[in-house]
Amino acid sequence: MVKTDMPDSITSKKRGGRVELLSPAGDTERLKCALMYGADAVYLAGTSFGMRAGANNFTYEQLADGVKLAHSAGAKVYVTCNTIPRNSEIDALPDFLERAAGAGADAFIIADIGVMRLAQRYAPNVGIHISTQAGIANYATAEEFYNMGASRVVLARELCFDEIAELRAKTPPELEIEAFVHGSMCVSFSGRCLLSSYMTGRDANRGDCAQPCRWKYYLTEEKREGQKFEIFEDHGTHILNSRDMCMIDYIPRLVECGITSFKIEGRAKSAYYTAAVTNAYRQAIDGYYAAPSPDYKPDGSILEELRKVSHREYSTGFYLGTEPGQVLSDGGYVREYKVAAMVEECGNGWLTLSQRNKFRVGDILDIMPPRAKPFTLRVDEMYDGGGNPIESAPHATMTVRIPYAGKEIPMGSFVRIKE
């Protein structure tokens, strides 16, 4: 479990006209990381009706506690209710909506118009954001959802900058526009896929996708039973496998085309992923607003942060309208760093860590404080919790103390090591 404190200097502030940074929170640990590392809002799910059944998600009690924590940090909480429910599930929706509203949710993320009407009836004071699952790709659809009572639309990922700008110009200014700027992408339009359900019985449209688009495929000919042919030219056989999106180099254009909220994908990903990606985009956004310019580019160290998380090959998705969203090589992840430890305490000449992966004397630790550039620290000596000198830290969650006289590092900061 990640333990964090959140002093005023690193809590989310009211946006004051700036774009919102919206981070994923698959559970309480990830929610704390998102807040600590600079999210203006988080999106999460209860134990049902969310599109990430594989994440731990939130019980009603955890949701209420999470909302209190977020609100105390000046951040908002959006609850996903974006599955396409069947008849048998409808009767459970009113109770879910009422209890999520009672927990203090700021908005529901909804894909189905029936669910939208139920939310308006049973949770009238909670905002409605229309999910990317609704496939909003034009201004007419966006405006109609606004007329139906939505305060925000989450755009289809298939739009380019010019299309988003036109949609913004032709919809009411009160309608907020949210768009994904980072994370995994689905090969199917706006994530509306039947492949998982057909092949495994796990319904992607009810939050249980098995991701068969990431698998390796062969070609067969109907009269040659049992013969498999590799689909191979220069790029391999993962013909359905989308690249990850990364738009951190395009902050000015994202702002200029009228996007209200920059959304990071990843509720099923690790707490470290949530922290590192939120941290990078927080610094990039703040850097842009410190000196707004169409030529703004984040510092190279910020870009490097996104290469220190597990990711597929990056692309700009459909934003530029020219680059394909698929990668046809091996479909695998790039993993160059791992979490070595978490900061437990810093002061009086010592850095106290809780181990997560083995490290030893002589290693270079990469420390990631919240809302700040990372820095490295060479381990010249270290001690266990009893003060005994040790050469390595091989045991999970063991206490490790390292002599340290540098700047203060907040509790809950991640410590990494290169693989």
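Below you will find a few notes about this structure. Per chain, the residues get numbers from 1 upward, laid out in the order the sequence is written. Since the coordinates come from a predicted model, pLDDT governs what is reported: local features require at least 70, and pairs of side-chain atoms require 80 or more to be given and counted, while whole-chain, interface and lining totals use all residues. The basis for every side-chain value is the complete set of heavy atoms in the structure, and neither hydrogens nor water enter the calculation.

## Focus: empty space enclosed by the protein
And then number 1: Using only the protein atoms, space was sampled on a 1 Å grid; points where a 1.4 Å probe fits but cannot get out form cavities, open sets with protein on both sides within 12 Å along at least five of seven lines form pockets, and lining residues are those with an atom within 4 Å of a point. Grid points are joined across faces, edges and corners, and a volume is the space filled by probe spheres set on the points. Overall, the coordinates contain one cavity of 30 Å³ or more when judged by the stated rule.
And then number 2: Of the volumes computed, that of the largest cavity is approximately 60 Å³.
And then number 3: As for the largest cavity, its lining consists of Leu 155, Ala 156, Arg 157, Leu 159, Ile 164, Ala 179, Phe 180, Met 245 and Tyr 319.
And then number 4: Looking at the lining of the largest cavity, its residues break down into eight nonpolar, no polar and one charged. Under the grouping applied here, Gly and all other residues not named as nonpolar or charged are polar, the nonpolar ones being Ala, Val, Leu, Ile, Met, Phe, Trp, Tyr, Cys and Pro and the charged ones Asp, Glu, Lys and Arg.

## Side note on the nonpolar core
And then number 1: Definition of nonpolar core: a set of buried residues of the types Ala, Val, Leu, Ile, Met, Phe, Trp, Tyr and Cys, connected through side-chain atoms within 4.5 Å. Any residue under 20% of the maximum accessible area for its type is buried, any over 50% is exposed, and the rest in between are partly exposed; the area is computed with a 1.4 Å probe on protein chains only. In this structure, Tyr 281, Tyr 319 and Phe 414 are the most contacted members of the largest nonpolar core, which totals 93 residues.
And then number 2: Numbering goes from the N terminus for both helices and strands, where a helix is a DSSP run of H or I of at least four residues and a strand is a run of E of at least two. For this core, the element with the most residues is helix H10 (residues 271–290), which contributes eleven residues.
And then number 3: It only takes one pair of heavy atoms within 4.5 Å for two residues to be counted as in contact. Ignoring any residue separated from it by four or fewer positions in sequence, one finds Tyr 319 in contact with Leu 159, Cys 160, Phe 161, Ile 164, Ala 179, Phe 180, Val 181, Met 245, Met 247, Leu 254 and Ile 259.
And then number 4: Counting residues in each nonpolar core, the second largest holds 21 residues, with Leu 351, Val 400, Tyr 404 and Ile 409 among its members.

## Observations concerning unusual backbone geometry
And then number 1: Even without being a glycine, Asn 348 presents a positive backbone phi close to 55°.
And then number 2: Mapped onto the fold, Asn 348 is located in the loop between strand E13 (337–347) and strand E14 (350–355).
And then number 3: Of note, Arg 371 is a non-glycine position whose phi angle comes to about 55°, a positive value.
And then number 4: For Arg 371, the position within the fold is in the loop between strand E16 (364–368) and strand E17 (375–378).
And then number 5: Residue classification places Arg 371 among the partly exposed positions, given a relative accessible area of 24%.

## Overview of the environment of Gly 349
And then number 1: When you line up the elements, Gly 349 lands in the loop between E13 and E14.
And then number 2: Along the sequence, Gly 349 and Ala 405 sit 56 residues apart, while their C-alpha atoms lie 5.2 Å from each other.
And then number 3: Not counting chain neighbours up to four residues away, the residues in contact with Gly 349 comprise Ile 402, Pro 403 and Tyr 404.

## Thoughts on the pattern of salt bridges
And then number 1: We define a salt bridge as a contact between a side-chain nitrogen of Lys or Arg and a carboxyl oxygen of Asp or Glu at a distance within 4 Å. Using the criterion set out here, one finds 21 salt bridges in the structure.
And then number 2: Arg 282 serves as the salt-bridge partner of Asp 40, at 3.1 Å between the closest nitrogen and oxygen. With Asp 40 in the loop between helix H1 (28–36) and strand E2 (41–45) and Arg 282 in helix H10, the pair connects residues that are 242 residues apart, well separated along the chain. Summarising the burial analysis for this pair, Asp 40 and Arg 282 share the class buried.
And then number 3: With a shortest N-O distance of 3.7 Å, Lys 373 and Asp 299 are connected by a salt bridge. Separated by 74 residues along the polypeptide, Lys 373 in the loop between E16 and E17 and Asp 299 in the loop between H10 and helix H11 (300–305) bring together distant segments of the chain.
And then number 4: Here the salt bridges do not stand alone but share partners, grouping Arg 18, Asp 40, Arg 282, Asp 286 and Arg 371 into one network.

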